[in-house]
Amino acid sequence: MTEPRTAPGSDLFLPDFCSIHMVLAVVVVGELLAIVLTLNPVYAGSGGFMRLALVSLFIQWVALGSSALLCLLRRGLERLGNMGAAAASYGLILGVTLAVSEAAWRLVLPQLADPRLAAVWEFSHGPDGLGPPRPLVPPTVHLDFLLCNLGIAAVVALVALRYFYVQHESKARMESETRARIQALQSRIRPHFLFNSMNTIASLTRSEPALAEQVTEDLAALFRVSLGDASEPGTLAEELEVCRQYLRIEAQRLGERLASDSAVEGVPGDALLPALTLQPLIENAVYHGVEPAPDGGHIRLTGEFDGQTVRMSVENTVPRSVERAQRQGHAMALDNVRQRVEAFFEGEARLAVHPGEERFRVDLEFPYRTTSR
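The following paragraphs examine the structure supplied in this document. (Residues numbered from 1 in each chain as written. Predicted model: local features only at pLDDT ≥ 70, side-chain atom pairs only at ≥ 80, totals over all residues. Heavy atoms only, no water.)

### Some details on the overall build of the protein
Piece 1. For the protein, the helix and strand inventory stands at 11 helices and 9 strands.
Piece 2. Residue pairs in contact within the protein that sit at least 24 positions apart in sequence constitute 72% of those at least 6 positions apart.
Piece 3. As displayed, the protein offers around 20600 Å² of accessible surface, 62% of which is attributable to carbon and sulfur atoms. (Helix = DSSP H or I, 4+ residues; strand = E, 2+ residues; numbered from the N terminus. Contact = heavy atoms within 4.5 Å. Areas by Shrake-Rupley, 256 points an atom, 1.4 Å probe, with all protein chains shown as cover.)

Rendered as structure tokens:
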């Protein structure tokens, strides 16, 4: 069943009842409840499918009516906070149940009532002796009908609201853990990279001050992204620029040993993704594919877009086995990137690793989005 989804940017524990996914979930759960109640011998009586149809109609009116009001009143409920919204929603559901029950009693039940009530019915004409006969049901039967429906609604609403709250808390914990992982990765700049970058800047300061200034600006930009708000996504264009800045820094240190090229002209620059998603893949390619090899290596970044899905690939040459053995343990960073993109895109993203004897490739595939959910 579809998990309830809260509205974007909202701390309210209630899901977005304006969403078509939530409406479908409400209809399905309501129909299941109707089947359960119809199978219960207390409510089953006679009538078979006719009784199931009436019970289904009644429950769907209550469920969809409550959902519509929760959708329309969402902004007001957000101002009440979770506790106030829970109490207000609970009262609203019971109020809708009472209204629908009273309408059903007055409009439907007198014509399609349980035969077991026929014994207590009396028929009379209006005060003027005209008009069709109408049943005179004892007030206790009417009250029992309303109380029974309110009791069922009270239990079902309580369980549903509790479920929504637990789901909201679970999602909040997952988002908090995701932000922590993103922040940990953003703040993870290898000490040797910082040390080497500072040495590069120092060596260029006298001989090529303009180039030293460029490297300093690139390093500052990389730190700015690393220390930025982990909860804010970036665009693909920004991520590609970070990759270029990182490669420019490493190119000053590695010189001709680092060769790189890219083919990303067709990808949408406004596509959203977690900050520092591609740069760690480039960094791994440098650290494990280029640095260990005496002759250096080559890195290639490519991208494709089919109108709905963005596909990015980072490929690097592989050093000889003896050199490669000195640089193990990059799977943790790849797993971190995989977990972040899967959490950000709610399971719709995929990161695949393709190792080889001569080349190592990482493919990242994610849906095209320009707004956060």
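### A look at the nonpolar core
Piece 1. Judged by nonpolar contacts, the single largest core of 36 residues is most densely connected at Leu-236, Leu-240, Leu-278, Ile-299, Met-312 and Phe-366.
Piece 2. Secondary-structure elements contributing two or more residues to this core are helix 8 (236-254), helix 9 (279-290), strand 6 (297-305), strand 7 (309-317), helix 11 (331-344) and strand 9 (359-367).
Piece 3. Contacts of Met-312, omitting those with residues within four sequence positions, involve Leu-236, Leu-240, Val-264, Val-267, Leu-278, Leu-301, Thr-302, Gly-303, Val-362, Asp-363, Leu-364 and Phe-366.
Piece 4. The next biggest cluster of nonpolar side chains, apart from the first, holds 22 residues, and it includes Ala-34, Ala-63, Ala-104 and Leu-161. (Core = buried A, V, L, I, M, F, W, Y, C linked by side-chain atoms within 4.5 Å. Buried < 20%, exposed > 50% of the residue type's maximum accessible area, 1.4 Å probe, protein only.)

### Observations concerning the pattern of salt bridges
Piece 1. Under the criterion given, the structure shown has 15 salt bridges.
Piece 2. Taking the shortest distance from any N to any O, the salt bridge between Glu-102 and Arg-106 comes out at 2.6 Å. Here Arg-106 and Glu-102 lie together in helix 4 (residues 74-107), a separation of 4 residues that amounts to about one turn.
Piece 3. Residue class for Arg-106 comes out exposed when judged on its relative accessible area of 59%.
Piece 4. Among the ionic pairs, Arg-248 bridges to Glu-241, the shortest N-O distance being 3.7 Å. (Salt bridge = Lys/Arg side-chain N within 4 Å of Asp/Glu carboxyl O.)

### Some thoughts on the state of the cysteines
Piece 1. This structure, assessed with the given rule, holds 1 disulfide.
Piece 2. Residue pairing for Cys-18: its cysteine sulfur links by disulfide to Cys-71, the two sulfurs lying 1.7 Å apart. Torsion about the S-S bond of the Cys-18 and Cys-71 cystine: about 100°, corresponding to right-handed handedness. On the criterion of sequence distance, the pair formed by Cys-18 in the segment before helix 1 (20-39) and Cys-71 in helix 3 (residues 49-72) is long-range, its members being 53 residues apart.
Piece 3. A relative accessible area of 21% means that Cys-71 is categorised as partly exposed. (Disulfide = S-S within 2.5 Å.)

### Focus on the sheet that holds strand 8 (residues 350-354)
Piece 1. The strand order across the open sheet formed by 5 strands is 4-6-7-9-8, and the pairing between neighbours is mixed. Looking at strand neighbours, the two that pair on one side only are strand 4 (258-263) and strand 8, the edges of this open sheet. Strand-to-strand twist of the sheet, defined as the mean angle between neighbouring strand axes without regard to direction, takes the value 10°.
Piece 2. Two elements, strand 4 and strand 6, share 6 bridges in a ladder whose sense is parallel. Bridge assignment links Leu-258 to a residue of strand 6, and that residue is Gly-297.
Piece 3. In this fold helix 8 packs onto strand 4, strand 6 and strand 7, with an angle of close to 160° to the strand it touches most, strand 4.
Piece 4. Set on the sheet, helix 9 makes contact with strand 4, strand 6, strand 7 and strand 9; between it and strand 6 the angle comes to about 155°. (Pairing = 2+ DSSP bridges. Axes fitted to C-alpha atoms, helices over the stretch in contact; angles between N-to-C directions.)

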